[in-house]
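Below, each chain spelled out in residue letters.
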Amino acid sequence: MNPYILAILLFGLGLGTTITFASSHWLLAWMGLEMNTLAIIPLMAQHHHPRAVEATTKYFLTQATAAAMLLFASVTNAWLSGQWDIQQMTHPLPTTIITLALALKIGLAPVHAWLPEVLQGLDLTVGLILSTWQKLAPFALILQINPTNSTILIILGLTSTLIGGWGGLNQTQLRKILAYSSIAHLGWMILVLQFSPSLTLLTLLTYFVMTFSTFLVFKLNKATTINTLATSWTKAPILTSLTPLILLSLGGLPPLTGFMPKWLILQELAKQDLALTATVAALSALLSLYFYLRLSHAMTLTMSPNNLSGTTPWRLSSSQSTLPLAISTAMAICLLPLAPAATALLTP
């Protein structure tokens, strides 16, 4: 892609998110979300592969539906309450419709079906943007409207953690596994949103760091299926021995970074007398942990056959910059000791 066009599209992505962040009016927020969607579509379809075009079409249709729902709900809110202010959502009907529209935008279950399909059709770089940056603007809106209907948030959160765990069990494609991992993590964030919005933000940031690291590892190994991971030992032995730690951090095992948000969320849910919800969420984390362990097993405990035709591509060094990978990997593994500082920041 022409670098000037790429720069304009990335600028459009950034601008769309910033407009949504900065807006207090529903129309402006909607405009930012639309800019975001329209800026990423050429990036998704840039390879002109039928699979990429199909993924782009699916993405466009779901995002357009969500944006139309959002616009409809904000107009309804203006009609019922006479104001367009995002933080003054008083009526339950538009608040619920907007919550569902934003759930569709970020891919929460039960409106998640587009996310694995879309992510599977993209290359890893655009998939990374879709899994991280594209979640920011809708999340900013969810945090601002602070939905009053607690039942719908808990249902969205629990179904997302369960479907995110179950859906990834039988997958062999890495991008689909990462999509289901994304759904499960978003479920955890939505569960605790009404009790501690700052904890949701902390979970989102740790999820970004771990996902960024995982995508960069797969990109460096040019891996798209579990079987391709088995050949990564000969390419980058040190990275291959660190990758299971990143994956287990995504699964939320101590003493890794990913344990911190899960621990704090379960603690918060227990404080709110939601012991059953916390138990179901913790058990659903075990489902996710299983497929992270599958990936770790494929990378470190499986040796691929070394026939001559297979050896050559392993020796080609990657042109990818390794500094972002090194920083994100260190953060994905080592940030748990900062948990006391995080809890101090979270307590009002």
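Under the annotation held in an unreviewed UniProt entry, the protein carries the name NADH-ubiquinone oxidoreductase chain 2 and is attributed to Atherinomorus stipes. Checking UniProt for the protein, the heading Sequence similarities (unreviewed entry) contains the comment "Belongs to the complex I subunit 2 family." Recorded under Subcellular location (unreviewed entry), the UniProt text for the protein is reproduced unchanged: "Mitochondrion inner membrane".

J.: A description of the overall build of the protein should follow, citing residues and the corresponding values.
T.: Along its length, the protein carries 18 helices and 0 strands. At 20 Å, the protein has a C-alpha radius of gyration in line with the 20 Å of a compact globule built from 348 residues. With the principal axes as the frame, the protein shows a C-alpha extent of 70 × 50 × 35 Å. Here the protein, with 348 residues, has 54% of them falling under the buried criterion. For the protein, restricting intrachain contacts to residue pairs at least 6 apart in sequence, the fraction spanning at least 24 positions comes to 79%. Per element, the accessible surface of the protein, about 15200 Å² overall, is 71% carbon and sulfur. Mean positive and mean negative side-chain charge positions of the protein (13 and 7 charges, respectively) differ by 16 Å.

J.: Requested: an account of the pattern of salt bridges, with residues and values cited.
T.: Scanning all chains against the criterion turns up 5 salt bridges. Among the ionic pairs, R51 bridges to E117, the shortest N-O distance being 3.6 Å. Residue R51 is found in helix α3 (residues 50–81), and its partner E117 is found in helix α5 (residues 114–120); the two are separated by 66 residues along the sequence. Given the relative accessible area of 23%, R51 is considered partly exposed. A salt bridge links K58 to E54, with the nearest nitrogen and oxygen atoms 2.7 Å apart. Of this pair, K58 and E54 both sit in helix α3, separated by 4 residues, roughly a single helical turn. Overall, K58 belongs to the partly exposed group, its relative accessible area being 28%. Connected via shared salt-bridge partners are R51, E54, K58, E117 and K176.

J.: Kindly report on the side chain of T200, identifying the contributing residues and their values.
T.: Following the sequence through the fold, T200 ends up in helix α10 (residues 197–220). Using a relative accessible area of 1% as the deciding quantity, one classes T200 as buried. If near-sequence neighbours (up to four positions away) are discounted, T200 is found in contact with F139, L143, M189, V192 and L193.

J.: Let's hear about the UniProt feature "transmembrane region" (unreviewed entry) in the protein: which residues, and what values?
T.: Under the present numbering, the feature "transmembrane region" (unreviewed entry) in UniProt falls on residues 60–80, 92–115, 151–170, 177–195, 201–221, 233–254, 274–293 and 323–346. Note that residues 151–170 is 95% helix and 0% strand, and that its end C-alpha atoms are spaced 30 Å apart. Regarding residues 233–254, the helix share stands at 82% and the strand share at 0%, and the terminal C-alpha atoms are separated by 25 Å.

J.: Outline the domain arrangement of the protein, supporting the account with residue identities and numerical values.
T.: What the domain assignment lists for the protein is domain 1 (1–122) and domain 2 (149–306 + 321–347). Its C-alpha centre places domain 1 at a distance of 24 Å from the equivalent point of domain 2. On the side of domain 2, 19 residues touch domain 1, which itself brings 16 residues to the contact. At the boundary of domain 1 with domain 2, the tally comes to 1 salt bridge. Among the ionic pairs, K176 bridges to E117, the shortest N-O distance being 3.4 Å. At the surface where domain 1 touches domain 2, the tally comes to 6 residue pairs in polar contact (both at pLDDT 80 or more). Breaking the side of domain 1 that touches domain 2 down by element, the ones donating at least two residues are α4 (92–106) and α5. Class assignment for the residues of the side of domain 1 that touches domain 2 results in 10 nonpolar, 5 polar and 1 charged.

J.: Outline the packing of α10 against helix α17 (residues 323–334), supporting the account with residue identities and numerical values.
T.: In the contact formed by α10 and α17, the axes pass within 8 Å of each other and the chain directions differ by 135°. One element, α10, and the other, α17, form an angle in the oblique class. Viewed along their axes, α10 and α17 form a crossing whose handedness is left-handed. Contacts between α10 and α17 pair V209, M210, F212, S213, L216, V217 and L220 from the former with P324, L325, S328, T329, M331 and A332 from the latter. Class assignment of the residues belonging to the contact of α10 with α17 gives a composition of 10 nonpolar, 3 polar and no charged.

J.: Describe the nonpolar core, and please don't skip the residues or the numbers.
T.: I40, Y59, V118, L130, F218 and L295 are the most contacted members of the largest nonpolar core, which totals 54 residues. With 7 residues, α10 is the single largest residue contributor to this core. Counting contributing residues per domain, this core is built from domain 1 (1–122) and domain 2 (149–306 + 321–347), each supplying no fewer than three. Every residue in contact with L130, bar those within four places of it in the chain, is listed here: I40, Y59, L115, V118, L119, L122 and K135. By size, the runner-up hydrophobic cluster in this structure holds 30 residues, among which are A29, F139, L193 and Y207.

J.: A description of helix α18 (residues 339–346) should follow, citing residues and the corresponding values.
T.: If you check which residues of α18 are buried, you get A339, A342 and L346. The arc that holds the buried residues of α18, viewed along the axis, is 60°, so those residues lie on one side. Exposed residues on α18 whose side chains face more than 90 degrees from its buried face are P340, A344 and L345. Looking at the buried residues of α18, the elements they touch are α10 and α14 (259–271).

Cut-off values and rules
Within any chain, residue numbers begin from 1 and follow the written order of that chain's sequence. Owing to the predicted nature of the model, reporting of local features is limited to residues with pLDDT of at least 70; listing and counting of side-chain atom pairs is limited to 80 or more, with chain, interface and lining totals taken over all residues. As a rule here, side-chain values come from all non-hydrogen atoms in the structure, and water together with hydrogens is ignored. UniProt positions are given in the numbering used here, feature names are shortened, and annotations may be inferred rather than shown by experiment. Strands here are runs of E lasting at least two residues and helices are runs of H or I lasting at least four, both read from the DSSP assignment and numbered beginning at the N terminus. With C-alpha atoms as the basis for the radius of gyration, the globule rule is written as 2.2 Å multiplied by the number of residues raised to the power 0.38. Summary of the burial criterion: residues with accessible area below 20% of their type's maximum are buried, those above 50% are exposed, and those between are partly exposed, where the area comes from a 1.4 Å probe applied to protein chains only. Contact criterion: two residues are considered in contact whenever any of their non-hydrogen atoms come within 4.5 Å of each other. All accessibility values rest on the Shrake-Rupley procedure with a 1.4 Å probe; residue burial counts only the protein chains present in the view. His is not counted here, nor are the chain ends, while Lys and Arg score as positive and Asp and Glu score as negative. Think of each charge as sitting on NZ of Lys, CZ of Arg, CG of Asp or CD of Glu. A pairing counts as a salt bridge when a side-chain nitrogen of Lys or Arg comes within 4 Å of a carboxyl oxygen of Asp or Glu. Delimitation of the domains relies on an automatic or database domain assignment. A 3.5 Å cut-off defines polar contacts: any pair of N or O atoms within that distance qualifies, except that in protein one atom must be a possible hydrogen donor and the other a possible acceptor, and neighbouring residues in sequence count only when both atoms are side-chain atoms. Each residue receives one of three labels: charged for Asp, Glu, Lys and Arg, nonpolar for Ala, Val, Leu, Ile, Met, Phe, Trp, Tyr, Cys and Pro, and polar for the others, Gly being one of them. Note on method: axes are straight lines fitted to C-alpha atoms, helices fitted across the in-contact stretch only, with angles between N-to-C directions ranging 0 to 180 degrees. By the definition adopted for this analysis, an angle is roughly parallel if under 35 degrees, roughly antiparallel if over 145, roughly perpendicular if from 65 to 115, and oblique otherwise. Left-handed describes a crossing whose near helix is turned anticlockwise from the far helix by less than a right angle; the clockwise case is right-handed. Among the buried residues, those of types Ala, Val, Leu, Ile, Met, Phe, Trp, Tyr and Cys that are joined through side-chain atoms within 4.5 Å form a nonpolar core. The reported arc concerns the directions from the helix axis to the C-beta atoms and nothing else.

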